[in-house]
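The lines below spell out each chain.
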Amino acid sequence: MVTFSEISGFAFDLDGVITDTAKFHAMAWQQVAEQVGTKWTSQLADNLKGIDRMTSLEMILKAGGHETEYSDTEKEQLADEKNHNYVNLIKTLTPDDILPGMLDFIQSLHQNHYKLALASVSRNAPVILERLGLTDSFEGIVDPASLKLGKPDPEIYIRAAEVMHLDPDKVIGVEDAAAGVTSINKAGETSLGIGDAKILHEANLIFANTKEVTLQAIKEKMTAN
Ligand code: G6P
Ligand code: MG
């Protein structure tokens, strides 16, 4: 692993890292799962974290053995329905919904002259950042529409490093999803996972929750490793 002093930038996932929209994605997908007859489980919810909209739908259909039952048009409709419900759920977001410690962490990164980029595959990310009052906190946002492949492919984290004009080995990627951690690792960056250590076991650095993520704690973990 690189040393802490080599790090110059941070690439952030959004859902489940900066704000708890993961629960809203899960609520909206659960409705779709019930509609198509796939049993909704916490494992399925975890597997969908970080996965783009259409791939998530494919995974839900497959989990219940329904993958051949819907035409492309019907799949588009199901995905639109999910997004409609999701967009309604996130209307209530305010700056108070930034996860504990994350605003302080982002501010400390600015004070210490790190670069920041957003690496979310969510097409709703710009609206969410606006609601949280964080639009100006990032050097740049990787446009998910421009990606060939979503997480766990490394493309999005490679692009995040480019947005910051940094080599990947100078970047820490911050994630709550296993697919995202794989993406960061394959991009050649240092992965910081927030959440269940069993699920995020591939991460270079693991924190149980957002509150624990501070520059000092990262430095200590990187030095101890
Ligand atoms: C994030 C979330 C996923 C979601 C994806 C696409 O990665 O973790 O759960 O499916 O974004 O979000 P969107 O807002 O474009 O449907
Ligand atoms: Mg996430």
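Residues numbered from 1 in each chain as written. Chains lettered and ligands numbered in written order. Predicted model: local features only at pLDDT ≥ 70, side-chain atom pairs only at ≥ 80, totals over all residues. Heavy atoms only, no water.

As recorded by an unreviewed UniProt entry, the protein chain carries the name Beta-phosphoglucomutase and is attributed to Xylocopilactobacillus apicola. In UniProt, the protein chain has this text filed under Catalytic activity (unreviewed entry): "beta-D-glucose 1-phosphate = beta-D-glucose 6-phosphate". (UniProt positions renumbered as here; feature names shortened; annotations may be inferred.)

Colleague: Explain the domain arrangement of the protein chain here, please?
Modeller: On domain assignment, one finds that the protein chain holds domain 1 (4-19 + 97-224) and domain 2 (22-90). Here the C-alpha centre of domain 2 lies 25 Å away from the C-alpha centre of domain 1. If you look at the interface, domain 1 gives 13 residues, while domain 2 gives 12 residues. Between domain 1 and domain 2, a total of about 980 Å² is buried, with carbon and sulfur atoms accounting for 54% of that surface. If you look at where domain 1 meets domain 2, you find zero salt bridges. On inspection of domain 1 and its partner domain 2, the count reaches four residue pairs in polar contact (both at pLDDT 80 or more). (Domains from an automatic or database assignment. Contact = heavy atoms within 4.5 Å. Buried area = accessible area lost by both parts, 1.4 Å probe. Salt bridge = Lys/Arg side-chain N within 4 Å of Asp/Glu carboxyl O. Polar contact = N/O pair within 3.5 Å; in protein donor to acceptor, adjacent residues only side chain to side chain.)

Colleague: What exactly am I supposed to notice about the nonpolar core here?
Modeller: Residues Phe10, Phe12, Ile18, Phe105, Leu192 and Ile218 are the most contacted members of the largest nonpolar core, which totals 39 residues. Counting contributing residues per domain, this core is built from domain 1 (4-19 + 97-224) and domain 2 (22-90), each supplying no fewer than three. Those residues in contact with Phe10 that lie beyond four places of it in its chain are Phe105, Leu109, Tyr114, Lys115, Leu116, Ala117, Met164, Val171, Ile172, Val174, Leu215 and Ile218. (Core = buried A, V, L, I, M, F, W, Y, C linked by side-chain atoms within 4.5 Å. Buried < 20%, exposed > 50% of the residue type's maximum accessible area, 1.4 Å probe, protein only.)

Colleague: What is the right way to read the site of ligand 1 from this model?
Modeller: Around ligand 1, the structure places 13 residues, and the nearest of them are Ile51, Arg53, Ser122, Arg123 and Asn124. Between ligand 1 and Asp15 there is a distance of 3.5 Å, counted from an oxygen atom to a side-chain nitrogen or oxygen. A distance of 2.8 Å separates an oxygen atom of ligand 1 from a polar atom in the backbone of Gly50. Notes on ligand 1: free accessible area 390 Å², of which the protein chains cover 97%. Given that more than half its atoms are within 2 Å of the pocket grid, ligand 1 belongs to the largest pocket. (Near = heavy atom within 4 Å. Areas by Shrake-Rupley, 256 points an atom, 1.4 Å probe, with all protein chains shown as cover. 1 Å grid on protein atoms, 1.4 Å probe; cavity = no way out; pocket = protein on both sides within 12 Å on 5 of 7 lines; lining within 4 Å. Sits in = over half its atoms within 2 Å of the grid points.)

Colleague: Would you explain the layout of surface pockets in this entry?
Modeller: Leftover empty space is mapped by rolling, across the atoms, a probe with the size of a water molecule. Volume-wise, the largest pocket comes out at about 580 Å³. Elements supplying a minimum of two residues to the lining of the largest pocket: helix H1 (22-36), helix H2 (42-48), helix H3 (53-63) and helix H4 (72-89). Counting residues per element, the lining of the largest pocket draws most heavily on H4, at six residues. Residues belonging to the lining of the largest pocket are distributed by class as follows: 14 nonpolar, eight polar and 12 charged. A domain split of the lining of the largest pocket shows at least three residues from each of domain 1 (4-19 + 97-224) and domain 2 (22-90). Its boundaries defined by the atoms lining it, the second largest pocket holds a volume of some 370 Å³. What lines the second largest pocket is a set of 25 residues, and nearest its centre among them are Asp46, Lys49, Asp176, Ala177 and Ile194. Going through the elements one at a time, H1, H2 and helix H8 (178-187) are the ones with two or more residues in the lining of the second largest pocket. When residues in the lining of the second largest pocket are grouped by element, the largest group, four residues, is from H2. Residues that form the lining of the second largest pocket fall into these classes: 13 nonpolar, six polar and six charged. (Points joined across faces, edges and corners; volume = space filled by probe spheres on them. Helix = DSSP H or I, 4+ residues; strand = E, 2+ residues; numbered from the N terminus. Nonpolar A, V, L, I, M, F, W, Y, C, P; charged D, E, K, R; others polar.)

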